[in-house]
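Coordinate analysis (summary)
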Amino acid sequence: MSIRMLIRKQLKNELLENVKYISRKTIKHASPKEIYYATVRTIRDLIMDQWIESHRKYEQKNVKHVYYLSMEFLLGRALSNNLINLSIDNEIRQIFEELNIDYNLIEQEEQDAALGNGGLGRLAACFLDSLVTLKIPAYGCGIRYKYGLFKQSIESGYQVEYPDTWLEDGNPWEIKRTEYETEVRFYGHIEMIDSEDPEKAFEHKGYKTVRAIPYDIPIIGYESDNINTLRLWDAEPVKLIDLKYFQEGKYQDAVSERNLAQTIVDVLYPDDSHFEGKELRLKQQYFFVSATLQEAIRKFKEKNEMSKLPDKVVFQLNDTHPSVAIPELMRILIDNENLNWAEAWEITTNCCAYTNHTVLSEALERWPVDLFSRLLPRIYQISEEINRRFIVELTTKYHRSQDVIQRLSIIADGQIKMAHLAIVGSFSTNGVAALHTDILKKYVLHDFYEIFPERFNNKTNGITQRRWLLKSNPELAKFITRRIGDGWIIDLAQLKELECYLEDDVTLEELKSIKQENKIKLAKYIKEKNNVDINPYSIFDVQIKRLHEYKRQLLNVLHILYLYNLIKENKQVEMVPRTFIFGAKAAPSYHRAKLIIKLISDIGSVVNNDPDVGDKLKVVFLENYRVSLAEIIFPASDLSEQISTAGKEASGTGNMKFMLNGALTIGTLDGANVEIKEEVGDENIFIFGNTAEEIEQLTREATYNPREIYEKNPTIKKIMDQLIDGTFNPDKNLFSDLYNSILNGMWSRPDEYYLFADFDMYIQAQKKVSETYKDSRKWAQISLLNIARSGKFSSDRTITEYAMDIWKTVPIDI
Ligand code: 26Q
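These figures come from a predicted structure and were not determined experimentally.

Our next topic: the nonpolar core. Residues Phe186, Phe287 and Phe315 are the most contacted members of the largest nonpolar core, which totals 266 residues. The contact partners of Phe186, leaving out residues within four places of it in the chain, are Tyr207, Lys208, Val210, Leu260, Ile264, Lys283, Tyr286, Phe287, Leu375 and Leu376.

For the rest of this paragraph, the subject is the sheet that holds strand E17 (residues 415-417). Ordered by their spatial adjacency, three strands build an open sheet running E15-E17-E16, and the pairing between neighbours is antiparallel. Here the strands that pair on one side only, and so sit at the sheet edges, are strand E15 (366-368) and strand E16 (411-412). Examined bridge by bridge, E15 and E17 share three bridges and lie antiparallel to one another. Looking at the pairing, Arg366 lines up with Lys417 of E17.

On to the pairing of strand E1 (residues 65-69), then. For E1, a buried count of five out of five residues is recorded, marking the element as mostly surrounded by other parts of the structure. Covered by surrounding structure in E1 are His65, Tyr67 and Leu69 together with Val66 and Tyr68, the residues of both alternating faces. Pairing geometry for E1 and strand E13 (residues 313-318), over five bridges, is parallel. Each bridged residue has a counterpart across the sheet, and for Val66 the counterpart in E13 is Val314. As paired elements, E1 and strand E4 (residues 138-143) share four bridges and run parallel to each other. Within E4, the position partnered with Tyr67 by the bridge is Tyr139.

Let us now look at the sheet that holds strand E23 (residues 639-642). Taken together, the six strands give an open sheet; going across it, the order is E22-E21-E20-E23-E24-E25, and neighbouring strands pair in parallel fashion. This sheet does not close on itself; its edge strands, each paired only once, are strand E22 (617-622) and strand E25 (686-687). Where helix H22 (residues 553-569) meets the sheet, its contacts fall on strand E20 (539-544), strand E21 (578-583), E22 and E23, and the angle it forms with E21 comes to roughly 155°. Lying on the sheet, helix H32 (residues 776-788) is in contact with E23, strand E24 (664-667) and E25; it crosses E24 at an angle near 85°.

What follows concerns the site of the ligand. Near the ligand lie 21 residues; those nearest to it are Leu120, His357, Asn461, Glu649 and Gly652. The contact in question runs from an oxygen atom of the ligand to an N or O atom on the backbone of Ser651, over 3.0 Å. Protein chains bury 98% of the 610 Å² of accessible surface belonging to the ligand in isolation. Here the shell around the ligand gets three residues from one element, more than from any other, and that element is helix H6 (residues 119-133). Across the shell around the ligand, the residue classes break down as six nonpolar, eight polar and seven charged.

Each value, and the rule that gives it
Residues numbered from 1 in each chain as written. Predicted model: local features only at pLDDT ≥ 70, side-chain atom pairs only at ≥ 80, totals over all residues. Heavy atoms only, no water. Core = buried A, V, L, I, M, F, W, Y, C linked by side-chain atoms within 4.5 Å. Buried < 20%, exposed > 50% of the residue type's maximum accessible area, 1.4 Å probe, protein only. Contact = heavy atoms within 4.5 Å. Pairing = 2+ DSSP bridges. Helix = DSSP H or I, 4+ residues; strand = E, 2+ residues; numbered from the N terminus. Axes fitted to C-alpha atoms, helices over the stretch in contact; angles between N-to-C directions. Near = heavy atom within 4 Å. Polar contact = N/O pair within 3.5 Å; in protein donor to acceptor, adjacent residues only side chain to side chain. Areas by Shrake-Rupley, 256 points an atom, 1.4 Å probe, with all protein chains shown as cover. Nonpolar A, V, L, I, M, F, W, Y, C, P; charged D, E, K, R; others polar.

In short, the description is geometric, and any link to function would need to be established separately.
Okay, here's the thing in structure tokens:
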């Protein structure tokens, strides 16, 4: 018997046993969900030795570890991905065939792990996959939210949110590690104590305690024996009731610690690129950071002396959300490990590194001092001291003016600026695309760049090809492997070798038919979910990402209405048929974003049912956009909409997923689009619009006048008027906020995101798209070229750069 057959036989036996012992059933009587749970248990058992061995090796060799600290890990489903990475997907599929069970139904039983909002959270998930595949010892560290990102349902065109109960039936991947429990302290006050050393003269008293309990999830690499760990912290109360208070009749106080613990990990904040100073959010941040750091130091101390910490540990901060790590590490080193300030500061600033993900000022974290100091009195005190010393340095060492000092101060105007804390307290600050890093250096963080130029660096984002091609687009993956072998799975740059097929008609035809099949699958999904018949031969024009004004879903809408009006003005008009597909969640309190969803839905209702339109134009809003839905949409897309106002999108990563799946990009020179353009060349991407510099100038000079454009441009005027004349909803007032935000400005400048400034250029670029699509051979060539040139955008490349430039970590073979 071959080894593969043996593995299959053994796996099958264990699966049947697991079904029996978990569900008290034979597989014939088990539900798909029960079979799903038994399958995961089988896989978990299979990898357990390897998982243990990985950590034993890492520890035995006493190697440097990365701790990737993130409030978000947007993992999606794990089963199929893990099977592929373990190279047993074929075996499992065969086993299910033998049992007459549809594997796809089992796969779909897994709920997406949606512990993230969007780009930042998904980036963390791609990084985990690359880290383990590259054999880098690393922990992902975060929160085990009871409820992940809300489920979105579209009801009468409106977004309605429902809780995501992903843990309801338990998470079969995780293991509770009670033995690594730690305590995290909140509130209370600081007392002066008698001490020789003024730096150690403080004690935290009267605090409330929460127990932090870790749950470990295995992160399985592609054909590597390494298995890393994602450690998510749960909160439990120390005691259910405090008898001391209870017996005094103080019932509120008697349960306050329990209440604190029970709310901390309840729910992921659904805001994407918008800061709200909620106390519970700060509790979450400190909770998981403190637990992570305490545990990391405890483990480190088993083998090392404290001064060596930077040689063995690096904390990468995913945005400022975990930036309390800096004062928390200072606290541990000073209060628990008895180091003095200078020693502790040297260690801390050499252990922490910070990644910035946004330039939007409304997204920057600034905590009110009174809230911060009440919740975290010792952390606040340390932050004040960090700031005091920084300001002394600015004055004496850098000779900065009062003006500059005021701007750079970590604490000012009653607020703590977390980005400032993160830059001052770390050895590295990186942006996530070349343009983004340039903007940080030139504008947003310019003053800091002048003081610490050596700290600033760029790490252009990437995505994992294992999930976003190998797993989600198996036919395209096979097509590639047949031509260039399977080396691309761990070395995406090899896709370049596809370029020798650019003139090969057989290849181009096959590429077309793979896309066509994927489009037909998506069309079926849309028929099922939205009951809309779409033309599978139309251009699938797709914008999938969080809903935000700066991402300009409204610019896409303006183009749709432009086309709609063309048809209405001349029913015989020649047009390359298009299907516009949207997927987006709006933050529940972001009313304007939710109104844009309603507008897109209502436009769909009118356009899709207008007999004049036929199948020239369809508009579809897919509800509950999430990782597992994205895996169906990217492979079926022709056109990738990346149309943010230049300078606003730090990188984008969806743009890379489209490219890898052979979609062509229409986009502004923003984020990583700039680098995509550099890779494919001007002729193979549809770039339009004002550059970041030009937008900056328009803003600085304040000469931009959208009202004037509206008055002078009848095409724009007509579209805008349709928003408020009942064309798409009998309630003429419904969309007036959108109309006004563009033409009159409400609490901000009119057309803040420069829709009209880019409108004409966008329409021209879209015309070019349609012209190009008519030549299907040409389109397939550009598509193939985009795939071939997407190698740079692997997260393997990104992680290799982090490891070499920032972390100084090396691969460890198990
Ligand atoms: C902060 C404080 C309080 C509540 C919420 C938040 C919060 C939460 C999430 C602030 C920002 C985020 C998410 C930001 C984000 O996803 N940024 C994206 O990061 C991607 C990965 O680098 C980039 O590709 C995107 O361009 C960027 O928008």
